[in-house]
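Residue-level listing of the chains:
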Amino acid sequence: MINKKLISLTFLTLILTIGLVFSGTFVAFGQEKVTFVTSFGGEELEVFKSLMNQFTEDTGIEVEIQPVSRNMKTALGSRVEGGNPPDMANVPNPGLMNNFARRGQLASLDWFKDTELADKMAGGFIGSGSYKGTLYGVVPAASVKSLVWYNKKVFEEKGYEVPETIGELLQLQNKMVGDGYAPWAFGLESGAATGWPGTDWLEDIMLRSAGPEVYDQWVNHDIPWTDPRVAEAFRIFDLFINDDMVMGGRKAASTINFGDAAQYILPTQGREEPRALMHRQATFIQDFIEDAHPDAKVGEDYDTFIFPSFGKESPPILFAGDLFIAFKDKPEVRELIKYFASADIQQTWVEENPGRLAVNVDVPLSAYPNDTLRNAAQALKEAETARFDGSDSMTSAIGSGSFWSGVVNYVQGEKSLSDILETIESDADNAYESGEATD
Amino acid sequence: MIQKILKLFSRVPLHVLVIILCIVWLLPTLGIFVSSFRPRNDIMNSGWWSVFLDPANPQNYTVQNYVDVLFGNSIWQSFLNSFIIAVPSTFLSLFFAALAGYAFAWLHFPGRNLLFLTIVGLIVVPLQMTFIPILKIYSSTGLYGSYVGIWLAHAGYGMPLMIYMMRNFMGGLPKELFESAFIDGASVWTAFTRLVVPLSKPVIASLAIFQFLWIWNDLIVALIYMPDPSKAPITLTIANLVGSEGQSWHLLLPAAFISMVLPLMVFFSLQRYFVRGLTAGAVKG
């Protein structure tokens, strides 16, 4: 009897000791290493790992990449609250960064502003990485959102010209309807995040119709959602997504997956003609088009133009990107941020992971694999006005909640515009009053 | 005779209902299974049912997706990691739950019922609520990121339900057995190892299956307590196959089946315990 008791007790102590030894070594090695929580997955993650290996080779600093896929908010949020923050992380939205910054959990990156690299960042990136004047996030690579993907073959056949103003774009889509085409492939479905592709539309329109200053006020909730300029943006949006203009009618949009929508600008299986001719989506959507049409060539079969502005002036650019944030200020972390802000590493990144655009203006346009990305990169470099995706910058209750569902309701046409905007406004009021966000 | 036929017919609606339910439950799994063998751009272009239009055409099928998942990633390592996480966690929780169930059923100590009710009440506490406090404890004790940490977390999360099931089953064992054992001079420990454990085999086996499957399929606990990717279980590695915008999601299809192989084996080899254990403790003997 005693034997059995002894055996189980020894066994237990054994596992506990082994475990403690393991966790002990973990801490001991942790001194030199930089831990980096990332949202990258799949091929992106493989490229990111190879870049980090290069960093380790060049600097001797070990990096442990901890992928959490699309669960960034849960995984990183609870780790930080639980007192286990990693050294660094990349977050895709300034809203999340601002949450950490407000609670004083981030290390200031203001030292970065004094480096030469800060001057090499394309316009708008220092601003979107800042919270209340302090820099907390540095973006090494971005994607341009203000892009319209179109079927180049049909454009050439029918003699359509790439529009230079929103007026021309509206005329063009009427012409397409006259020729029997649906102008836009439009899909809102994205699981729990259904609606976000529509928020990008509204941000692009808002940035043009109301101007960048009002746009900033809107994103920071300094003007209410019931402001007439917000309503105007929704009504302009309606000109593009009404029943005549989108494939399958507006009600179909919330059942079409955002990733699938893009493929319809080229003829899909068993069809002679494409179901639509244009699709407004960021640079990354090229992966999805290539998946669905492995034989189609970008630049020949399909191409992009920048979503135009109202006048002939150069259009403002809406972008998104991954903010590198730091929870600890140590030399290794500074080294890593500087490394990723440099032109060399960004060039490697955009070469190996097509779809990403370098933020450092020294990266030559020749680094990009095709003209489409080159044009997007040039637009990002030269844009007089560039803004981070607004819904990503809003507090998450709105930017990843009410705004999404508001767009879905609007596109479905089930509620009146004023009802929708009042609902978002009252949610925003609650979010700001409850202290989840500050004005 | 007529009665028999009538009886047979009266069961028809029930059978139809059962068959419909089976189809509804199995259809998505079948869809994933068929899709996992389709080429990448077919998956993106058309629904899985379109293979049935031309089922004999070999061009409709490929094992490339399986090859990509099995040989392009650290899936084997994480398969092993899942074992390293699931087996000790299951063992630990069974060990403690059996001891606790025995104590609550047969040992008399003050506050026994109150304590039992408290533990049973913990069944309704969502585990998400515990992440931050436990992480704080783990970071001060060095358990964070270690296998021991995740074993203890899984064991703890399974404990309330397991103790409840164990107590109910063990409470149903005949009282006379214990009386005669104690008259013969058995200690509390002897009664546990010689009487309770052998007699409770059905409930122990079914809880072992439950707990093992739950841990094997878990993503969130591993995501929170296991930052080190070289120790990550298969669920976490599979989640990372997909890009941050959802690129390459087609790899999830074969990955889901690879991860499912083991739970299915466990289930089919032990299913008689599984069904028996479901009613364990339902009726007091």
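Along each chain, residues carry numbers from 1 onward, in the same order as the chain's sequence is written. Labels are handed out in written order, letters beginning with A for the chains and numbers beginning with 1 for the ligands. For a predicted model such as this one, the threshold for reporting local features is a pLDDT of at least 70, and the threshold for listing and counting side-chain atom pairs is 80 or more; totals across whole chains, interfaces and linings nevertheless cover every residue. Hydrogen atoms and water are omitted, and side-chain values are computed over all heavy atoms in the structure.

Engineer: Which residues make up the overall build of chain B, and what values go with them?
Structural biologist: Working definition: helices are DSSP H or I runs of at least four residues, strands are E runs of at least two. Numbering for both runs from the N terminus. Broken down by element type, chain B carries 15 helices and 0 strands. Atoms counted for the radius of gyration: C-alpha only. Globule rule: 2.2 Å times the number of residues to the power 0.38. For chain B, the C-alpha radius of gyration of 24 Å lies well beyond 19 Å, the compact-globule estimate for 285 residues. Once the C-alpha set of chain B is aligned to its principal axes, its extents read approximately 75 × 75 × 30 Å. Think of it in three bands: with a 1.4 Å probe and only protein chains considered, a residue is buried below 20% of the maximum accessible area for its type, exposed above 50%, and partly exposed in between. For chain B, buried positions account for 47% of its 285 residues. Residue contacts follow a heavy-atom distance rule, with two residues in contact if any of their heavy atoms lie within 4.5 Å. Across chain B, the fraction of contacts at a sequence separation of at least 24, relative to all contacts at a separation of at least 6, is 74%. Of the roughly 15100 Å² of accessible surface on chain B, a fraction of 73% belongs to carbon and sulfur atoms. None of His or the chain ends enter the tally, which takes Lys and Arg as positive and Asp and Glu as negative. To locate a charge, the coordinates of NZ of Lys, CZ of Arg, CG of Asp or CD of Glu are taken. Both charge centroids of chain B, one from 15 positive and one from 9 negative side chains, sit 14 Å from each other. For every accessible area listed, the method is Shrake-Rupley and the probe measures 1.4 Å; residues are considered covered only by the protein chains on display.

Engineer: Residue-level account of the side chain of A:Asn370, with values.
Structural biologist: Residues and elements named next belong to chain A. By the element assignment, Asn370 lies in the loop between strand S13 (357-358) and helix H17 (371-382). Here the side chain of Asn370 touches Thr372 through a polar contact of 3.2 Å, landing on its backbone nitrogen. Of note is the side chain of Asn370, whose polar atom sits 2.8 Å from the backbone nitrogen of Leu373. Setting aside anything within four residues of it in sequence, one finds Asn370 in contact with Gln286 and Val298. Polar contact is the term for a pair of N or O atoms within 3.5 Å; when the atoms are in protein, one must be able to donate a hydrogen and the other to accept it, and sequence-neighboring residues count only if both atoms are side-chain atoms.

Engineer: Tell me about the pattern of salt bridges, residues and numbers included.
Structural biologist: If charged atoms from side chains of opposite charge come close, those side chains can pair. All names here are of chain A. What counts as a salt bridge is simple: a side-chain nitrogen of Lys or Arg found within 4 Å of a carboxyl oxygen of Asp or Glu. Following the criterion strictly, the structure yields 24 salt bridges over all chains and no others. The salt bridge partner of Asp87 is Lys328, with a shortest N-O separation of 3.3 Å. You can see Asp87 sitting in the loop between helix H3 (72-81) and strand S3 (88-91) and its partner Lys328 sitting in the loop between strand S12 (323-326) and helix H15 (331-341), a full 241 residues away along the chain. Through salt bridges with shared partners, one network takes in Lys145, Asp200, Asp204, Arg208, Arg280 and Asp389.

Engineer: Quick rundown of the domain arrangement of chain B? Include the residues and the values.
Structural biologist: Residues and elements named next belong to chain B. Taken as a whole, chain B is organised into domain 1 (2-62) and domain 2 (70-278). Each domain's extent is set by a domain assignment, obtained either automatically or from a database. The C-alpha-based centres of domain 1 and domain 2 are spaced at 33 Å. On the side of domain 2, 6 residues touch domain 1, which itself brings 8 residues to the contact. In this assembly, domain 1 packs against domain 2 so that about 720 Å² is buried in total across both faces, 86% of it on carbon and sulfur atoms. Counting the contacts that link domain 1 with domain 2 gives 0 salt bridges. Summed over the shared surface of domain 1 and domain 2, the number is 0 residue pairs in polar contact (both at pLDDT 80 or more). Breaking the side of domain 1 that touches domain 2 down by element, the ones donating at least two residues are helix H2 (12-36) and helix H3 (40-45). The element best represented in the side of domain 1 that touches domain 2 is H2, accounting for 5 residues. Buried area is calculated as the accessible area (1.4 Å probe) missing from two parts once they are joined, with the contributions of both summed.

Engineer: Explain the environment of A:Met88 to me, using residue names and the numbers behind them.
Structural biologist: Residues and elements named next belong to chain A. Mapped onto the fold, Met88 is located in strand S3. For Met88, a relative accessible area of 0% translates into the label buried. Setting aside residues up to four positions removed in sequence, Met88 forms contacts with Val34, Thr35, Phe36, Val37, Phe324, Ile325, Ala326, Val333, Leu336 and Ile337.

Engineer: Could you give an account of the interface of chain B and chain A, with specific residues and numbers?
Structural biologist: Each side of the interface is counted separately: chain B has 44 residues, and chain A has 46 residues. Note on chain B versus chain A: buried area summed over both sides is about 4000 Å², and carbon and sulfur give 60% of it. Where A:Asp291 meets B:Arg40, a salt bridge forms, and the shortest distance between an N and an O atom there is 2.7 Å. Mapped by element, the contributors of at least two residues to the side of chain B that touches chain A are H3, helix H5 (75-106), helix H7 (131-141), helix H8 (147-171), helix H10 (188-199) and helix H12 (220-225) of chain B. When residues in the side of chain B that touches chain A are grouped by element, the largest group, 6 residues, is from H7(B). Residue type decides the class: Asp, Glu, Lys and Arg count as charged, Ala, Val, Leu, Ile, Met, Phe, Trp, Tyr, Cys and Pro as nonpolar, and the leftover types, Gly among them, as polar. Here the residues of the side of chain B that touches chain A are counted per class, giving 22 nonpolar, 16 polar and 6 charged.

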